[in-house]
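Fold and contact review
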Amino acid sequence: MPHVAGGVDTAAQGFYPVITRIAFFSLPNWLAGYLLSLGPIVAGVLGVYLLCRRLGLVFAAAAFAAFVWVIDFGDTMFLKTAVPGYLPLFIASLTYLLDDRKSIKRWLAALGMLVVLGGTGYFSRILPFPLIIMGVWFLLIEPRRGISNWLIIGLMTLLVIAMRTPEIIAMANNAPLAPISDFRQSDGLIEIMGKTARGLGEVFVGGPKNYTTAICFALFGYSLLDCKNRQRNRFMIVAIVTATVLPFLMAAGKIAIQEFLPFLSGFNINNYFNSFRMLIVVSGAIGFAALIENVQKGTISRWAPRAIGGVLLIFSLTLKANAAYEWITQGSLKNNYESPVLNTLAGKIKTNGRPVRALAHQMYGPVLHAYGIETLGGANPLLMRRYHNFWQKMSEGWRSRASFDLRRGGDRGAQISYLPAGDNIEWPIGDDLNMKMLSLANVGYVVSRDHILAPGLKQLSGPDRPWHALSRNEKIKVNLHDNFSGRNHVFVYKNANVFPRFYTVTALRTFDNGEKVLDAVAAASLGELASTLFTEKGLIPKRINPNTPLYKSGVQVDRYDNNEIVLTIKSKGTTALIATNAYSPFWKATVDGVPTIMFPADHAFWGVFLPAGAKKVVFRYQPPYPAF
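So, a few notes on the structure that sits alongside this text. Everything numeric here is computed off the predicted structure, so don't read it as measured data. (Residues numbered from 1 in each chain as written. Predicted model: local features only at pLDDT ≥ 70, side-chain atom pairs only at ≥ 80, totals over all residues. Heavy atoms only, no water.)

This next bit is on the overall build of the protein. When its secondary structure is counted, the protein shows 25 helices and 20 strands. On C-alpha atoms alone, the protein measures out to a radius of gyration of 28 Å, which is about the 25 Å that the 2.2 N^0.38 rule sets for 628 residues. C-alpha atoms of the protein, sized along the principal axes, occupy 95 × 60 × 45 Å. For the protein, with 628 residues in total, the buried portion stands at 52%. (Helix = DSSP H or I, 4+ residues; strand = E, 2+ residues; numbered from the N terminus. Rg over C-alpha atoms; globule rule 2.2 N^0.38 Å. Buried < 20%, exposed > 50% of the residue type's maximum accessible area, 1.4 Å probe, protein only.)

Right under this line is the structure:
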């Protein structure tokens, strides 16, 4: 869906999942969401089971591992579980292929899993972490010898990477322009090692899933005492120790080279631990197999494995309870993706023929993206630094409040969201946000579950009472109803002062740096913003100076696609055109077929000077990689 960047270079965002895109384009959104949520979990269960069986473990032990896998990953959404979910089945398919390299069916199965693994999930979760765990598996747990085996393993690894080559190039080019590099590169060696240690601690002892880890390690420790297959146990010990040391080596390497490769700052080392958990689960299965063996010998009561299974079953009930709670309080996928209110708003924007944005209050921007509604904020790992600075300036009132939460504020370089804390029935958002800058950014609508108070906003639709005016029982009744009919309890407000996406101005003001530009934009009146272009000295064409006469011209939008925009304009003299899409050097402009200079306007947006008589302006996104 269109993003504030003015086009969807999904590769630059670090999220280019082929399978996910196919599912959402070919199926209803809610159905695609369910399938993509369940797919990694089902694949993970099957993959872990097959890997355990390949290690010679009995059915009960392999089933135990699959059960633990569900408990570990069954409560998170597909974007996070896709990679660790599909990894075990990918490794299993490779092991069967290496057993019989002449089998066409096994080649097809391995290549199919390769496409699924490489075509789903966040790019920064696919590389390099699961591939490292795959290497640990084939080196230490199920060792493979011979050049031919490792040629196949290497080929499959390269193919996974090749599927995301555009993102590697895009991130390498975009990362220096994104604030996330500032945020993550600010960590020194001690800080990043500390974060890695905390992540490891959550895996072993401190996280919400520590009981499954404790059970797995306790079982594995038991197997070390009297298990016959000591070689397998030694391999597993070496694998776990190696996998424990590796994240610290990766963290040190990241510190050493991210100054030269800024896009590495987008990779969070702690994502590694999601794949690492596969080894812990398998170690627990080894211990469970030893327990079963001793039950069969009569040295341990047959109730011991049943007791462990019962404990896990009780813990797994919390997943069901949490799912039920989320379904009632937050809604189902149908609730989020089939709201009649948001469908109506999307239709209104589409039939209007002029692009306009919405601000999501008390909800994340991607909820609106599902309807094709552009938003002011959202999640984008490589959001441009200029736009991020604009957002910070616009939301200074909110960000300065004692109640401001950095996590809810999405002010960490990858996500910007307006999620103020509190249970207010009415929200004076004019105290939080600079409404003039909000209008400048082409925000024509505000969507909220409570009343909004701000100059220029008029309520178009909404329920009888705000969300926080309802009792708990009333909220439950509303959610239960909306889970079957789509979310209806939403207020929609129209902004009477919204600026068009594309407009021309008659005055020019230049400043020494971007900070002064933002200060001037924030202090300007609506009239000044509508008539003046604010920019930095040295960024505009040399033929233009502050005294150059500028002419107001009409702008017609002929085409507005994700990566191409076509405008018709009638300029009687030199014209300054502003487009409130986030500035990126990879957007290019032509005027009547002739390339022209694009520069940052109002710090965050597009600016173009047009000569007298200009008729056609075309903006195209030209990504820094050969295929889009």
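Here the narrative resumes.
Tallied over the entire structure, the rule returns 0 disulfides. Left without a disulfide partner, Cys-52 is nearest to the cysteine sulfur of Cys-216, which lies 9.7 Å away. With a relative accessible area of 0%, Cys-52 lands in the buried category. (Disulfide = S-S within 2.5 Å.)

Turning next to the environment of His-451. Take His-451: it is sitting in strand S7 (residues 451-452). Taking the C-alpha atoms as reference points, His-451 and Leu-35, separated by 416 residues in sequence, lie 35 Å from one another.

To continue, consider empty space enclosed by the protein. Here the idea is plain: a probe the size of a water molecule rolls over the atoms and shows the empty space left. For the coordinates displayed, the defined rule picks out 2 cavities of 30 Å³ or more. Computed from the structure, the second largest cavity encloses a volume of approximately 60 Å³. Around the second largest cavity sit 13 residues that line it, and Ala-360, Gly-377, Ile-416, Ser-417 and Tyr-418 are the ones nearest its centre. Of the residues in the lining of the second largest cavity, the class split is 8 nonpolar, 5 polar and no charged. (1 Å grid on protein atoms, 1.4 Å probe; cavity = no way out; pocket = protein on both sides within 12 Å on 5 of 7 lines; lining within 4 Å. Points joined across faces, edges and corners; volume = space filled by probe spheres on them. Nonpolar A, V, L, I, M, F, W, Y, C, P; charged D, E, K, R; others polar.)

This part takes up helix H19 (residues 385-394). Buried residues dominate H19, accounting for 7 of its 10 residues. What H19 keeps buried is the set Arg-386, Tyr-387, His-388, Phe-390, Trp-391, Lys-393 and Met-394.

Moving on to the pattern of salt bridges. Close approach of charged atoms lets side chains of opposite charge pair. Taken as a whole, this structure holds 20 salt bridges when the rule is applied. Glu-167 is the partner of Arg-164 in a salt bridge, and the nearest nitrogen-oxygen pair spans 2.4 Å. Assigned by exposure class, Arg-164 and Glu-167 land together as buried. In this structure, Asp-512 engages Lys-516 in a salt bridge whose closest nitrogen and oxygen atoms are separated by 3.5 Å. Exposure remark for Asp-512: the relative accessible area of 53% places this residue in the exposed category. Salt bridges sharing common partners tie together Arg-54, Asp-99, Glu-142 and Arg-144. (Salt bridge = Lys/Arg side-chain N within 4 Å of Asp/Glu carboxyl O.)

We now examine the packing of aromatic side chains. Tallied over the entire structure, the rule returns 20 aromatic pairs. Where Trp-398 meets Phe-404, the ring centres are 5.0 Å apart and the plane angle is 85°; that geometry is what we call edge-to-face. By the burial criterion, Trp-398 is buried, and Phe-404 matches it. Pairing Trp-587 with Trp-606 gives two aromatic rings, centres 4.8 Å apart and planes at 45°, and the pair type is tilted. Linking Trp-587 in strand S16 (residues 587-591) with Trp-606 in strand S19 (residues 605-610), this pair joins segments that are 19 residues apart in sequence. (Phe/Tyr/Trp six-rings, centres within 6.5 Å; stacked < 30°, edge-to-face > 60°.)

Our next topic: the nonpolar core. Phe-90, Trp-137, Phe-276 and Leu-279 are the most contacted members of the largest nonpolar core, which totals 82 residues. When residues of this core are assigned to their parent elements, the largest contribution, 14 residues, is made by helix H14 (residues 272-297). The residues touching Leu-279, leaving out its near neighbours within four places in the chain, are Ile-133, Val-136, Trp-137, Ile-141, Met-236, Ala-239 and Ala-243. Listed in part, the 51 residues of the second largest apolar core include Leu-359, Ala-441, Leu-529 and Ala-582. (Core = buried A, V, L, I, M, F, W, Y, C linked by side-chain atoms within 4.5 Å. Contact = heavy atoms within 4.5 Å.)

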